[in-house]
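# Summary of the model geometry
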Amino acid sequence: VASLTGDLLVGGRTVSTIASIAIALLVLAQVLYAAPARNWTSLCIAALAALLCYLSANQRLWSTVMRADTLAVALGFAGEFLFTLSWRYSHAIWFASVLFVLGAFTKQTLVTAPFVCFIVALALDRRKALRLATTTAVLAGVAVVILTTLTHGEFLKHTVQYNANPFSLHTLAQQWRMNLTGKA
């Protein structure tokens, strides 16, 4: 996009803005899909949900800055929507896995989207959960191997070792305890 706009900052902000609009449209689609009937009431509720999402303070802030967060969230929302569609269209789960992997590689904290869908699938249909987990893990694994090979190991070094917030089981347990109990 930066090559189209001639400016890296404008290109990045354009991607964030388009991703923000996509998030709102995905909220609209998800609400309409969940509605028992498609009428003016469900359309108005879906439009209101999308508008509230788009106009929220955090969404407005993040949609105007050049960061990977908004794009990653849009990919996660799209994956979740396709996961929802996979109950009706079985092949949608493959596309959901692709979007989940893209989202996780865009922003590593977006592993929550496929994890939540996996938990839902585990509760409702274990085969679907296994299919989702296997497909997502294989796609992510292949991507890691390809990127690590192409960069002579630099991909893993920069995404795992040089991370500003390195992974720590102790920190994870501490954060969970603080979030669940409200105590540090």
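The following refers to the structure shown. (Residues numbered from 1 in each chain as written. Predicted model: local features only at pLDDT ≥ 70, side-chain atom pairs only at ≥ 80, totals over all residues. Heavy atoms only, no water.)

This part is about the overall build of the protein chain. Along the backbone of the protein chain there are 10 helices and 0 strands. Listed N to C, the secondary structure of the protein chain is α-α-α-α-α-α-α-α-α-α in terms of helices and strands. Taking the principal axes of the C-alpha coordinates as reference, the protein chain spans close to 55 × 45 × 40 Å. Across the 184 residues of the protein chain, 28% fall into the buried class. Long-range pairs, those at least 24 residues apart, make up 62% of the contacts in the protein chain with a sequence separation of at least 6. Entry remark: accessible area of the protein chain is about 12000 Å², with carbon and sulfur atoms responsible for 71%. (Helix = DSSP H or I, 4+ residues; strand = E, 2+ residues; numbered from the N terminus. Buried < 20%, exposed > 50% of the residue type's maximum accessible area, 1.4 Å probe, protein only. Contact = heavy atoms within 4.5 Å. Areas by Shrake-Rupley, 256 points an atom, 1.4 Å probe, with all protein chains shown as cover.)

Glancing now at the packing of aromatic side chains. Across all of its chains, the model carries 3 aromatic pairs by this definition. Taking 5.8 Å as the distance between ring centres and 80° as the angle between the ring planes, the aromatic pair formed by Phe83 and Trp87 counts as edge-to-face. Judged by its relative accessible area of 4%, Phe83 is buried. A relative accessible area of 36% means that Trp87 is categorised as partly exposed. Consider the rings of Phe105 and Phe155, whose centres lie 5.9 Å apart with planes at 25°: the pair is stacked. (Phe/Tyr/Trp six-rings, centres within 6.5 Å; stacked < 30°, edge-to-face > 60°.)

If you look at the biggest cluster of nonpolar residues, it comprises 20 residues, and the most contacted ones within it are Phe83, Leu85, Phe100 and Leu132. Mapped by element, the contributors of at least two residues to this core are α2 (8-34), α5 (69-85), α6 (92-106), α7 (112-124) and α8 (126-150). Of all the elements, α5 adds the most residues to this core, at 7 residues. Dropping the residues within four chain positions of it, Leu132 is found in contact with Phe83, Ile93, Ser97, Phe100, Pro114, Cys117 and Phe118. In terms of nonpolar packing, the next biggest core, distinct from the first, is built from 5 residues, Ala19, Val27, Cys53 and Ala74 among them. (Core = buried A, V, L, I, M, F, W, Y, C linked by side-chain atoms within 4.5 Å.)

A few words on the side chain of Asp69. Its location among the elements puts Asp69 in helix α5. Residue class for Asp69 comes out buried when judged on its relative accessible area of 18%. Once residues within four sequence positions are removed from consideration, Asp69 is found in contact with Trp62 and Lys107.

For the rest of this paragraph, the subject is the packing of α7 against α8. Running from N to C, α7 and α8 point in directions that differ by 155°, and their axes come no closer than 6 Å. Regarding the angle of α7 to α8, the classification is roughly antiparallel. In contact with Pro114, Cys117, Phe118, Ala121, Leu122 and Leu124 of α7, α8 contributes Arg126, Lys128, Ala129, Leu132 and Ala133. (Axes fitted to C-alpha atoms, helices over the stretch in contact; angles between N-to-C directions. Parallel < 35°, antiparallel > 145°, perpendicular 65-115°, else oblique.)

Another aspect to go through is the layout of surface pockets. In this model, the largest pocket occupies a volume close to 1200 Å³. Lining the largest pocket are 32 residues, and of these Lys107, Gln108, Thr109, Val111 and Phe167 lie nearest its centre. If you list the elements that add at least two residues to the lining of the largest pocket, you get α6, α7, α8, α9 (154-161) and α10 (169-181). Its residues placed into classes, the lining of the largest pocket shows 20 nonpolar, 11 polar and 1 charged. (1 Å grid on protein atoms, 1.4 Å probe; cavity = no way out; pocket = protein on both sides within 12 Å on 5 of 7 lines; lining within 4 Å. Points joined across faces, edges and corners; volume = space filled by probe spheres on them. Nonpolar A, V, L, I, M, F, W, Y, C, P; charged D, E, K, R; others polar.)

The backbone of His152 shows a phi angle near 55°, a positive value even though the residue is not glycine. Within the secondary structure layout, His152 lies in the loop between α8 and α9.

One pass over the full model with this rule turns up 0 disulfides. Lacking any disulfide linkage, Cys44 is separated from the closest cysteine sulfur, that of Cys53, by 18 Å. Exposure remark for Cys44: the relative accessible area of 48% places this residue in the partly exposed category. Cys117 takes part in no disulfide bond, and the closest cysteine sulfur, belonging to Cys53, lies 16 Å away. On the basis of relative accessibility, which here comes to 5%, the residue Cys117 falls in the buried class. (Disulfide = S-S within 2.5 Å.)

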